[in-house]
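Tertiary structure, described
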Amino acid sequence: MKERVFQILSQIMGTPVQNIREDSSPDTIAEWDSLKHMRLVLALEEEFSVRFSDETIVGMLNVSDILKALSDSQPQLKSFAQP
Amino acid sequence: MKRITYAEIEEKLRSEAIAALPPIRCAVLRNIVVEPIEPWLRYMAYEIGFNATCVFGEYDNVFQEAVSTGQILTPDTDCVLVFLRLETLSWDLARNFSGLTGELISSEKARIENLISNVLSGIRRQTSAMILWHSFELPIYPAPEQTPVIESLNQILRQALAGAENAYYIDLNLALARIGAEAFYDLRYWHIGKAPYSREALREISVEILKHVRALKGKQRKCLVLDCDNTLWGGIVGEDGLAAIKLGKTYPGSAYYEFQQEILSLYNRGIMIALCSKNNEADVWEVFERHPDMLLRKEHIAAAQINWDNKITNLKQLAADLNIGLDSLVFADDSEFETGQVRQYLPEVDVIELPPGRAVEYREILARYPGFFNLTVTEEDKTRGAMYKAEANRKELQATSLNLEDYYKSLEMVLEIKIADSFSIPRIAQLTQKTNQFNLTTRRYSDAEIRRFAETDTSDVLYAVLKDRFGDSGIVGVCILKYEANQAIIDSFLLSCRVLGRGVEEAFLTHCLKRAKRRCTAAIGEYRRTAKNEQVKDFYSRRGFQTIDSTNEGDFYSANLEGRLPEPPRFFKSIESQVDL
């Protein structure tokens, strides 16, 4: 999952995947503004077939928050098994 | 086919050579956050060969940006997208409706009407670009009496846009109905970031926007090519027989009946219909002629390839027969094998897949296809299907004729030459604007300019109408004569490409010269070179004109009108001049 998240972050932000770490955040990735954050959320929801709550969205302040939000959503995910 | 994801779109937009494509510069005036529409717009534009770019105005700064210059709109702007959402524009009308008095409702309506008109005229002062203005959404759970008020606002908007040139109403309520409110709105982002529309909604809205852009750029498709068995009817006519195929007003034939009605509607909007199917040809035509519930008739079919060859070859043949490019074709078939093959080998052709076993959805699938959309439907469009059909018949005749002269004679062409009147002026102006190949001077004129030439005594506007045994081609030639002393200057001489190579130009020119002879002793012809009119370079010298000058402006020729004028070709059935000579 982590790899896919890094991949999507890289695609949305337009920054090489090597630049992305678990502690990457809007403070360390210049392209990561609020509009990019929105696109990122939409892309992650599509990729992992999940739906974050509004509180979760505004609470995603860095990559590890995203990973945590995704794993918290995993239980509902069983039926959408990813390859 | 797998649907492309949002992340893949972003990546594709970065990697592909999009920058080299012709641009479509969009300026977005809005009072909501709609930035996530940009990837969809760019991607869909890329699919039809354009590099779309978006400039977003400041949030809720629509009025200022519309009325003051140099902010968002520039003379280069191709398309202005307006998103004025009622929630931001009038919280009261959108959300506090039950708390309003009738007086307040009226004053809010008046304020919005005023704003629409000011924004629209402000945009128009800055750019002639296409304006696409998104409607107000009808409330999903309206307050009592609220819906008609919002509907009347939309009506006001429609009328304002109809009164402004090149401005169109994008109905968000259609997008909303198509995907449903739950999928349309993203309430989280409405609250977090004033971005009301979901990714799916923005996709649906982009489809509507791109329909208009495609039509504006002349990239619409012209011809729908259909398979027959399990497409136009259920079952296989060659095996099941005429009586057993599924087609009719009741289930299960009703799915195909409705599909045919949708095809017929496209025909009536000027889309050509062609057949490409693996059948015995006689079996197919028997269905067309004898099945009582066939809505499509043989006369609707512009061209057909019914044989056992592969569909790649047949589609190429259809394009050649109809004299259109492969990029004008849309191919619809229920066979994954056929659609897959066409996608692979003829990527220029658009493909509509009709999933087997889901015939009940065929009508919707065809109606959803965006490539046939036209901004307006002219009278000319409505008869285009018949004209192309006539052209295909002419080709068939030509193939069986002994020689060209024999072919011309058998066409039984009737040429009429007339003086412009108020009925013919719009089409004459349109021809001067659209004709590129057979056009000696390529001067573009508006209706008003043509009218002036027609009304003043020092000029004449003549036109030619051609009919033959296959149909009426309408107005196909235009000549503008300007009289200066004893000279008649041929300001414009052009012919529609539909009738090239049938001797019309010779007959028409002869009659124009006869008209000029009434008051002049010489005619001056002019050839102004463009990138597209090479074929008429020697037109005047071949007609016996003498070269008198050759400048950067063009080549000038002169003909003495006092001697014998060249005879028109003999192969016309008749040439009827309604011009005083």
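Scoring rules and cut-offs
- Residues numbered from 1 in each chain as written.
- Chains lettered and ligands numbered in written order.
- Predicted model: local features only at pLDDT ≥ 70, side-chain atom pairs only at ≥ 80, totals over all residues.
- Heavy atoms only, no water.
- Helix = DSSP H or I, 4+ residues; strand = E, 2+ residues; numbered from the N terminus.
- Buried < 20%, exposed > 50% of the residue type's maximum accessible area, 1.4 Å probe, protein only.
- Contact = heavy atoms within 4.5 Å.
- Areas by Shrake-Rupley, 256 points an atom, 1.4 Å probe, with all protein chains shown as cover.
- Lys, Arg positive; Asp, Glu negative; His and termini not counted.
- Charge placed at Lys NZ, Arg CZ, Asp CG, Glu CD.
- Domains from an automatic or database assignment.
- pLDDT = per-residue confidence, 0-100.
- Phe/Tyr/Trp six-rings, centres within 6.5 Å; stacked < 30°, edge-to-face > 60°.
- Lys NZ or Arg CZ within 6 Å of the ring centre and 35° of its normal.
- Core = buried A, V, L, I, M, F, W, Y, C linked by side-chain atoms within 4.5 Å.
- Buried area = accessible area lost by both parts, 1.4 Å probe.
- Salt bridge = Lys/Arg side-chain N within 4 Å of Asp/Glu carboxyl O.
- Polar contact = N/O pair within 3.5 Å; in protein donor to acceptor, adjacent residues only side chain to side chain.
- Nonpolar A, V, L, I, M, F, W, Y, C, P; charged D, E, K, R; others polar.

A tally of helices and strands in chain B yields 23 helices and 18 strands. Projected onto its principal axes, the C-alpha coordinates of chain B cover approximately 85 × 70 × 50 Å. Among the 581 residues that make up chain B, the fraction classed as buried is 54%. Considering only intrachain contacts with a sequence separation of at least 6, the fraction spanning at least 24 residues in chain B is 70%. Here chain B displays about 26,300 Å² of accessible surface, and carbon together with sulfur accounts for 47% of that area. Counting 70 positive and 82 negative side-chain charges, chain B places the averaged centre of each group 3 Å from the other.

Partitioning chain B into domains gives domain 1 (6-216), domain 2 (223-372) and domain 3 (401-577). The distance between the C-alpha centroids of domain 1 of chain B and domain 3 of chain B comes to 47 Å.

Mean pLDDT over chain A works out to 87, with 88% of the residues at or above the 70 mark. Across residues 76-83 of chain A, confidence stays below pLDDT 50; counting only partners more than four residues off in sequence or on other chains, it has seven contacts.

What follows is about the packing of aromatic side chains. Residue and element names in this part refer to chain B. Enumeration according to the criterion identifies 20 aromatic pairs over all chains in this entry. A connected cluster of aromatic rings, assembled from ring pairs, spans Phe438, Phe493, Phe508, Phe539, Tyr540, Phe545 and Tyr557. Here arginine 85 stacks its cationic end above the ring of tryptophan 190, 4.7 Å away from the centre of that ring. Here the basic side chain of lysine 194 rests over the ring of tryptophan 190, its NZ or CZ set 5.0 Å away from the ring centre.

One recurring pattern in soluble globular proteins: nonpolar side chains tend to sit buried together. Residues and elements named next belong to chain B. Counting residues in each nonpolar core, the largest one holds 70 residues, and the members touching the most others are Tyr197 and Ile205. Each residue touching tyrosine 197, except ones within four places of it in the same chain, is listed here: Ile32, Val34, Phe83, Arg85, Glu137, Leu172, Phe184, Tyr185, Asp186, Leu202 and Ile205. Listed in part, the 42 residues of the second largest apolar core include Leu397, Leu411, Tyr540 and Phe545.

Okay, the interface of chain B and chain A next. Contacts between chain B and chain A engage 19 residues on the former and 22 residues on the latter. When chain B packs against chain A, the two sides together hide about 1,900 Å² of surface, and 58% of this comes from carbon and sulfur. Interface area lost by chain B to chain A is led by Arg188, Tyr189 and Arg199 of chain B, which between them contribute 36%. Across the contact surface, chain B and chain A share four salt bridges. As a salt-bridge pair, glutamate 10 of chain B and arginine 39 of chain A come within 3.5 Å of each other at their nearest N and O atoms. Taken together, the links from chain B to chain A amount to nine residue pairs in polar contact (both at pLDDT 80 or more). Of all elements in the fold, only α1 (6-15), α2 (37-47) and α10 (187-193) of chain B reach the threshold of two or more residues within the side of chain B that touches chain A. Each residue belonging to the side of chain B that touches chain A can be placed in one class, and the counts come to nine nonpolar, one polar and nine charged.

This paragraph deals with the pattern of salt bridges. Taken as a whole and judged by the stated rule, the model has 42 salt bridges over all chains. Ionic pairing is found between glutamate 46 of chain A and arginine 199 of chain B, a salt bridge with its closest N-O pair at 3.6 Å. Of this pair, glutamate 46 of chain A sits in helix α2 (residues 34-48) while arginine 199 of chain B is found in helix α11 (residues 199-216), placing the two residues in two different chains. Several salt bridges converge on common partners, so that one network encompasses Arg85, Glu87, Arg95 and Glu137 of chain B.

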